[in-house]
Amino acid sequence: MNTELILKQINVLQSTNPFDKFVLFRIPDISSNVYYGINSSKNLVFVIESTNPQMSSQMQSTKKLFFSSNTKCEMIISDATFEKTVHILTCLSEVQEEQLAFIRLTEAFSKHLVSNNSYMLNELFSALVSLFDQGRKTADIELQGMYAELYVIKYFFNLGINISSFWQKNNKMNFDFTINRIKRMEVKSTTQGTRIHHFKHEQLLSELYDIVIVSCLLRGDDAGLSLYKLIQEVRAIAAEDFKTLLYIEQLIKNIPEEVLSGFMYDEIYLENNIRFYPASSIPKFNEAQPEGVTQTEYNSNLSTSSPLSPHLVIKWLYERGEVTDV
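Residues numbered from 1 in each chain as written. Predicted model: local features only at pLDDT ≥ 70, side-chain atom pairs only at ≥ 80, totals over all residues. Heavy atoms only, no water.

Caption draft 1: Structural view of the overall build of the protein. Counting its secondary structure elements, the protein contains 9 helices and 16 strands. Taken along its principal axes, the extent of the C-alpha atoms in the protein is 70 × 45 × 35 Å. Burial statistics for the protein: of 326 residues in total, 48% are counted as buried. Counted over contacts in the protein with a minimum sequence separation of 6, partners at least 24 positions apart contribute 69%. Here the protein displays about 16,400 Å² of accessible surface, and carbon together with sulfur accounts for 49% of that area. (Helix = DSSP H or I, 4+ residues; strand = E, 2+ residues; numbered from the N terminus. Buried < 20%, exposed > 50% of the residue type's maximum accessible area, 1.4 Å probe, protein only. Contact = heavy atoms within 4.5 Å. Areas by Shrake-Rupley, 256 points an atom, 1.4 Å probe, with all protein chains shown as cover.)

Caption draft 2: How the structure looks around helix H1 (residues 3-16). Given a rise of 1.5 Å per residue, 14 residues ought to cover 20 Å, and the 20 Å separating the end C-alpha atoms of H1 matches this to within 8%. For H1, the complete set of buried residues consists of Thr3, Ile6, Leu7, Ile10 and Leu13. Down the axis of H1, the buried side of the element spans an arc of 115 degrees, and every buried residue falls inside it. What points out from H1, more than 90 degrees from its buried face, is the exposed set Lys8, Ser15 and Thr16. Elements that come into contact with the buried residues of H1 comprise strand E1 (22-25), strand E2 (34-38), strand E3 (44-49) and helix H2 (96-111). (Expected span 1.5 Å × (residues − 1). Arc of directions from axis to C-beta.)

Caption draft 3: Main features of the nonpolar core. In terms of nonpolar packing, the biggest core is built from 42 residues, with Tyr147, Val152, Phe156, Ile163, Phe177, Met185 and Leu227 touching the most fellow members. Within the residue set of this core, elements represented by two or more residues are helix H4 (140-158), strand E9 (183-190), strand E11 (210-217), helix H5 (227-237), helix H6 (242-252), strand E14 (274-278) and helix H9 (310-318). Among the elements that line this core, the one with the most residues is H4, at 10 residues. Counting residues in each nonpolar core, the second largest holds 37 residues, with Leu13, Tyr36, Val129 and Leu245 among its members. (Core = buried A, V, L, I, M, F, W, Y, C linked by side-chain atoms within 4.5 Å.)

Caption draft 4: View of the pairing of E2. Among the 5 residues in E2, 5 count as buried, and that is most of the element. Pairing of E2 with E3, which is carried by 5 bridges, proceeds in the antiparallel orientation. The partner of Tyr36 across the bridge, within E3, is Phe46. In sequence, E2 turns back onto E3 through a hairpin of 5 residues, with Lys42 there showing a positive phi of about 70 degrees. (Pairing = 2+ DSSP bridges.)

Caption draft 5: H6, seen in detail. Of all the 11 residues making up H6, 9 are buried; the element is thus mostly covered by neighbouring parts of the structure. All of the buried residues along H6 are Phe242, Thr244, Leu245, Leu246, Tyr247, Ile248, Glu249, Leu251 and Ile252.

Caption draft 6: Examining the sheet that holds E14 more closely. Within the open sheet, the 4 strands sit side by side as E8-E9-E11-E14. Their pairing is mixed. Sheet topology places strand E8 (177-178) and E14 at the edges, where each strand pairs with a single neighbour. With 2 bridges connecting them, E8 and E9 associate as antiparallel partners. Bridge pairing links Thr178 to Arg184 in E9. In the packing of H4 onto the sheet, the strands contacted are E8, E9, E11 and E14, and the crossing angle to E9 comes to about 125 degrees. Where H9 meets the sheet, it contacts E9, E11 and E14, and its direction lies at approximately 145 degrees from that of E9. (Axes fitted to C-alpha atoms, helices over the stretch in contact; angles between N-to-C directions.)

Written out as structure tokens, the structure is:
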């Protein structure tokens, strides 16, 4: 079910429910022991039936979230009343974007739930707590980088390949995509009109990895594809990938929607100016960093490098059979 539709159904319950107890509903394509709904205080809840009801109950709470495991409660499901022992994750936030993030992530989590024990739900609770914490503001250059990485996911998806699960979820990693054990892909972007990008030395010279560099030329456009719309498209691509959805939410948690909507680039220009290069063809220091030297970085001009065709990059992605068809 669409995230917005789930929230809409929640809002209907909040405005019409006369009962002083849990009122829940099931979601198609999710396990029958998973529910959404409201509690007696009309807060949004995500509920999973416990498979170990004899275990003791545990509770954790923050300003915006509440988690209780192995809790016996009375609930109404499809107009019938039940008493069940369940795990309950409650969203206390009244901010719509945070409620939508809560639904997106719990839905993705439940679609790949291999066990509904309280320990896994504790991990989900911890991830949501981290997400809902306030942090620093995001600089425009970081938004530009995010835009380019998201566009690369969309670009390959339109070619029939879903690489969203290979997107690195740690900003400290050297590469943006880990395709398999040896293949790496790094995305660079610029608004300057020339393919001059900033690299870490390890991104271009490595005895360990087979590296492809994606170069994106960007041009601002008030009628272009917004970062907000691009995020929505990639959310749809990664709809069942909890880790990717969580990463997106973490990236944008402190960015107002109007900023995301106003951050726009010309999609036609970008589509015609995306290029792919083997790291071996890019100008660099052709030697390892001397002993005692680390974190070497420099600019490289790719204008004299020979690009790979998209067809060859697709073949490169498929060579180990680890990329998913759309």
